[in-house]
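Summary of the model geometry
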Amino acid sequence: MKILAIESSCDETAAAVVEDGTKILSNVIASSTAMHRKYGGIVPEVAAREQIKCVIPVINEALENAKKDVQSIDALAVTVGPGLIGSLLIGVETAKTLALVTKKPLIPVNHVIAHMFANFLSPAQPVEFPAVSLVVSGGHTELFLMESEKKLTWLGGTLDDAAGEAFDKTARLLGFANGGGKAIQEAAQKNTINSTNSTNTPIKLPRPLLHDDSLNFSFSGLKTAVLRAWKKFETHDETLINNFAFEIQEAITDVLVAKTIKAAQLHHTQSILISGGVAANTRLRKKFNLNLSKLNIFFPPIELCTDNAAYIASYAFFKGKPVDWHDITALPDLSVEENI
Ligand code: KG4
Ligand code: ZN
């Protein structure tokens, strides 16, 4: 079964054709990130105006790359939420129009849940259930229990900022105008904290909620802690920035690893699935692999971690449940517990 999916929940406009939920035939992404850099963040109106221009060319390119025409597609899928209303509307209205014209079934998709299906796109080995799934992105840090592709239960999530947001905010504080978590990762790789001739003053940041009983996260305090520690230094040279980046990355990844393993132990799962933009972080991958000798750990390929339409198509295939296009609307505040 071939699904054409459209994703436009944030500043990306993406379309993909995926066969049977696992085989990517095409995956096209257009992003207005460069424009947003100019303004120091995403400007919703700017994003939506760009998306309206590129949604049709992106869909056409996805069909062309897959060597399919729209009539040979079996179903359509679209992200309905959560996300920016102006951006979501562009994908949703385009998908509804396509459904009307082609008379193909249309499957609405929850973007946050869909992230985890990046692990189902040609994995090296099939996912074994039950699994604990951590979705860790710019807007979400959520833990789910996955008993099958269709049976998902939310276990916990962030009480305030998402892990990606913590990376993005602290990256700006360190002076990185763009790149967010990726900029922190690259700077952290150049740290001198453990070098033997290092005369650095130690930087120690908190690991929020590391030892509490819940499966929740909290990252908003980290930004304040970084700011406070940062102000203690009179000069902020490159070495200091790199060492701060290292400690920020350690603090965030320590909590993500510990809480996810705790969830897996509590629910006796065989596998752990990680997904979302922060799953691209190489230090996070290394820490999980070091800590998990008995469990199977799944990470999507780096390019499938950040927003794209391939995992939207994959989730749509496993979930099914097409809805009459008249009844589909953009849902910017869609909850992570709604299995749409
Ligand atoms: O999943 P995504 O593309 O968009 C959302 O749905 O939010 O995730 C974007 C987030 C950003 O916060 C970005 O800083 C973070 O993923 N990110 C990373 C890395 N690459 C992207 N965080 C840490 N390390 C990375 N290598
Ligand atoms: Zn996302």
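Being a predicted model, the structure only gives us computed values, none of them experimental.

With that settled, consider the site of ligand 1. Close contacts around ligand 1 come from 20 residues, with Gly-138, Asp-168, Gly-181, Gln-185 and Asn-281 the closest. In this structure, an oxygen atom belonging to ligand 1 sits 3.3 Å away from a main-chain N or O atom of Gly-139. Measuring from an oxygen atom of ligand 1, one finds a side-chain N or O atom of Asp-168 at 2.6 Å. Burial of ligand 1 by the protein amounts to 86% of the accessible area it has alone, namely 560 Å². Looking at the shell around ligand 1, the elements with two or more residues in it are helix 4 (111-115), helix 5 (163-173) and helix 6 (180-188). Looking at the shell around ligand 1 element by element, the count peaks at four residues for helix 6.

Taken together, the protein donors to the zinc ion (ligand 2) comprise His-111 (NE2), His-115 (NE2) and Asp-307 (OD), at separations of 2.0 to 2.1 Å. Around the zinc ion (ligand 2), the four donor atoms sit at angles spanning 98 to 128 degrees, and that spread fits a shape best called tetrahedral. Counting along the primary sequence, the residues that act as donors to the zinc ion (ligand 2) give the motif H-x3-H-x191-D. A residue pair is termed a helical-turn pair when its members lie 3 or 4 positions apart in one helix, as His-111 and His-115 do in helix 4 at four residues.

Let us look at the sheet that holds strand 5 (residues 106-110). Spatially, five strands are ordered 3-2-1-4-5 in an open sheet, and the strand pairing comes out mixed. Each edge of the open sheet is held by one strand with a lone partner, namely strand 3 (23-31) and strand 5. Looking at each pair of strands side by side, their axes are set apart by 20 degrees on average, direction ignored. For strand 1 (residues 2-7) and strand 4 (residues 75-81), the ladder comprises four bridges, and the chain directions are parallel. Bridge pairing links Ala-5 to Ala-77 in strand 4.

Here we have five strands laid out as an open sheet, ordered 8-7-6-9-10, and mixed in their pairing. Of all the strands in the sheet, just strand 8 (152-157) and strand 10 (296-298) have a single pairing partner and so form its edges. Sheet twist, expressed as the mean angle between neighbouring strand axes with direction ignored, is 20 degrees. As paired strands, strand 9 (residues 271-275) and strand 10 are joined by three bridges and run parallel to one another. Bridge assignment links Ile-272 to a residue of strand 10, and that residue is Ile-297. Packing against the sheet, helix 8 (residues 238-266) makes contact with strand 6 (131-136), strand 7 (141-146), strand 8 and strand 9, and its axis sits at approximately 155 degrees to strand 6.

Here we come to the packing of helix 6 against helix 8. Running from N to C, helix 6 and helix 8 cross one another at 115 degrees; their axes reach a closest spacing of 7 Å. Crossing of helix 6 over helix 8 shows left-handed handedness. Along its contact with helix 6, which presents Ile-184, Gln-185, Ala-187 and Ala-188, the element helix 8 presents Asn-242, Ala-245, Phe-246, Ile-248 and Gln-249. Here the contact of helix 6 with helix 8 is composed, by residue class, of six nonpolar, three polar and no charged.

Rules used throughout
Starting afresh in each chain, residues are numbered from 1 along the sequence in its written order. Key to labels: chains lettered from A, ligands numbered from 1, both in the order written. Totals for whole chains, interfaces and linings use every residue, but because this is a predicted model, local features are given only for residues with pLDDT of at least 70 and side-chain atom pairs only at 80 or more, for both listing and counting. No hydrogens and no water enter the side-chain calculation; it runs on all heavy atoms of the structure. One heavy atom suffices: a residue is near a molecule or strand as soon as one of its heavy atoms comes within 4 Å of it. As used in this structure description, the phrase polar contact means that two N or O atoms lie within 3.5 Å; if the pair is within protein, one of them must be able to donate a hydrogen and the other to accept it, and residues adjacent in sequence are counted only when both atoms belong to side chains. For the area figures, the Shrake-Rupley method with a 1.4 Å probe applies, and any residue is considered shielded solely by the protein chains shown. Put simply, DSSP marks the helices as runs of H or I at least four residues long and the strands as runs of E at least two long, and each gets a number from the N terminus on. Any N, O or S atom lying within 2.8 Å of the metal counts as a donor, and for Na, K and Ca the limit rises to 3.2 Å; water is left out, so some sites can look incomplete. For a four-donor site, all angles between 85 and 135 degrees give tetrahedral; for four or six donors, opposite pairs above 155 degrees with the remaining angles between 65 and 115 give square planar or octahedral; all remaining cases count as irregular. Paired strands, as defined in this entry, are two strands with at least two bridges between them according to DSSP. Only C-alpha atoms enter the line fits that serve as axes; for helices the fit covers just the stretch in contact. Angles between N-to-C directions range over 0 to 180 degrees. Residue contacts are counted whenever heavy atoms from the two residues lie within 4.5 Å of one another. Two helices cross in a left-handed way if the nearer one is turned anticlockwise from the farther one by less than a right angle. They cross in a right-handed way if the turn is clockwise. Three residue categories are used. Nonpolar comprises Ala, Val, Leu, Ile, Met, Phe, Trp, Tyr, Cys and Pro, charged comprises Asp, Glu, Lys and Arg, and polar comprises the others, including Gly.

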